[in-house]
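An overview of the molecular structure
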Amino acid sequence: MKLIETDKDTLLKPLQTVTGIVERRHTLPILSNVLIERKQEKISFIATDLEIQITTSAEDNHAGGEEYAVTVAAKKLQDILRALPDKARVVLEMGENRLHAKAGKSRFNLQTLPVEDFPKFPESTESQGKITVQQKELKHILSMVQYAMAQQDIRYYLNGLLLLVEEDYLRVVATDGHRLAFALMKLQAPQTKTEVILPRKVVLELARLLNDSDEPVTVEILQNQVRFSFSDVILVSKVVDGKFPDYNRVIPTGYEKQFVINRVLLLQTLQRAAILSNEKFRGVRLILTTGNLRIVCNNSEQEEAQEELELQYDGEALDIGFNITYLLDVLNNLNNETVQCSFGDANSSALISIPGNDDFKYVVMPMRI
């Protein structure tokens, strides 16, 4: 039975959209597969890892075609399509529980698994909140905080990102217990308060799939789920069950030791110093005196890097240590010209923000060196 005949990009593009969440080796073999189904002149591609489900569609100009559904190894089909010549015509046929892919003189027979075994998410209709923003806005605000998410922390609620809709603001917060990033953006209309913790994997997928465009993305918070709809993509995710830390208690206020500095200059200076930082502890000392910032890194081979920057500062002297990776992360993920660095004492968290702008805050704990 012939399923579809089209050029390779018509199939490859939707496959690349959904296969980001597919694991090649899975305890459940069906989770390595993509579900391809045709309904009402539209072909859908669906992938899931039981936590996230991504659906996208491709045009089918084959009018009057039969409806069908088939599951096949997602990465294998993607690799086959990738390896075919540009603009190759591809025919997919079904026969004897195999999917046959043909292009020119190439033939591939792929194993299929029963469609009824594919674990599609139940459709949740209980909406608890819904906002629509531009794709580039959501992509940008996520990029400002996502690097601060924890990885494989036993406090599972830190392996994700807090998405909080309140009044006419969207707030996003990420923390791994050593640093915290907070960003907000204004919405067009006031909303009822809703909050969810998005799993880390979803945040990374959104960063990959969202476009830098004015096109809309709708975020719908459902019962135990959140749904993102944009372009031809519907991404549904379970939310992390847990209580996110109170970020307001973590963000310091009233710090008097502060200076403003060119972001790229500070970033490049820290990158040079980091070359000789201890590979395990990644420590850096910031020594702040009137008009001067000295940056010092040492390692276990007794090697040392020193850098000096002139700046406008006439407060108390300060000698404070940090994990240099945490400083590089924030400077790499902002795109404004200058940053403001504010300090309490050598044992207090530092605050990095954007001068004259309360929409972003980054708090980093000090480190004994």
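Residues numbered from 1 in each chain as written. Predicted model: local features only at pLDDT ≥ 70, side-chain atom pairs only at ≥ 80, totals over all residues. Heavy atoms only, no water.

Under an unreviewed UniProt entry, the name given to the protein chain is Beta sliding clamp, and the source organism is Nitrosospira briensis. Word for word, the UniProt comment on the protein chain under Subcellular location (unreviewed entry) is "Cytoplasm". Per its UniProt entry, the protein chain bears the Subunit (unreviewed entry) comment "Forms a ring-shaped head-to-tail homodimer around DNA." (UniProt positions renumbered as here; feature names shortened; annotations may be inferred.)

1. Details of the UniProt feature "domain: DNA polymerase III beta sliding clamp C-terminal" (unreviewed entry) in the protein chain
As annotated in UniProt, the feature "domain: DNA polymerase III beta sliding clamp C-terminal" (unreviewed entry) corresponds to residues 249-368 in the numbering used here. Secondary structure across residues 249-368 divides into 20% helix and 43% strand, with the first and last C-alpha atoms of the span separated by 23 Å. (Helix = DSSP H or I, 4+ residues; strand = E, 2+ residues; numbered from the N terminus.)

2. Quick word on the layout of surface pockets
Empty space within the largest pocket amounts to approximately 380 Å³. Along its surface, the largest pocket is lined by 17 residues, and Lys13, Pro14, Thr17, Thr56 and Asp232 are the ones closest to its centre. Only α1 (8-18), β4 (52-59) and α4 (200-209) provide two or more residues apiece to the lining of the largest pocket. The biggest single contributor to the lining of the largest pocket is α1, with six residues. When grouped by side-chain class, the residues that make up the lining of the largest pocket number five nonpolar, seven polar and five charged. Here the lining of the largest pocket gathers at least three residues from each of two domains, domain 1 (2-117) and domain 2 (127-249). (1 Å grid on protein atoms, 1.4 Å probe; cavity = no way out; pocket = protein on both sides within 12 Å on 5 of 7 lines; lining within 4 Å. Points joined across faces, edges and corners; volume = space filled by probe spheres on them. Nonpolar A, V, L, I, M, F, W, Y, C, P; charged D, E, K, R; others polar. Domains from an automatic or database assignment.)

3. Topic: the domain arrangement of the protein chain
One can read the domain layout of the protein chain as domain 1 (2-117), domain 2 (127-249) and domain 3 (257-364). Its C-alpha centre places domain 2 at a distance of 28 Å from the equivalent point of domain 3. Facing twelve residues of domain 2, the contacting portion of domain 3 comprises 14 residues. Between domain 2 and domain 3, a total of about 1,100 Å² is buried, with carbon and sulfur atoms accounting for 56% of that surface. Among the residues of domain 2 in contact with domain 3, Tyr147, Arg179 and Phe182 are the three that bury the most area, contributing 46% of the side total. Between Asp329 and Arg179 there is a salt bridge, with the nearest N and O atoms lying 3.1 Å from each other. There are five residue pairs in polar contact (both at pLDDT 80 or more) connecting domain 2 and domain 3. Elements represented by at least two residues in the side of domain 2 that touches domain 3 include exactly α3 (135-143) and β11 (179-199). (Contact = heavy atoms within 4.5 Å. Buried area = accessible area lost by both parts, 1.4 Å probe. Salt bridge = Lys/Arg side-chain N within 4 Å of Asp/Glu carboxyl O. Polar contact = N/O pair within 3.5 Å; in protein donor to acceptor, adjacent residues only side chain to side chain.)

4. Focus: the sheet that holds strand β15 (residues 257-262)
Spatial ordering of the open sheet is given by β10-β11-β22-β21-β20-β15, a layout of six strands whose pairing is antiparallel. A single partner strand is all that each edge strand has here, and the edge strands are β10 (160-175) and β15. Neighbour-to-neighbour, the strand axes of this sheet turn through a mean angle of 20°, independent of strand direction. By the bridge criterion, six bridges tie β15 to strand β20 (residues 338-343) in an arrangement that is antiparallel. Considered in β20, the bridge of Gln258 is made with Ser342. Strand contacts of α3: β10 and β11, with the helix running at about 45° to β10, the strand carrying the most contacts. (Pairing = 2+ DSSP bridges. Axes fitted to C-alpha atoms, helices over the stretch in contact; angles between N-to-C directions.)

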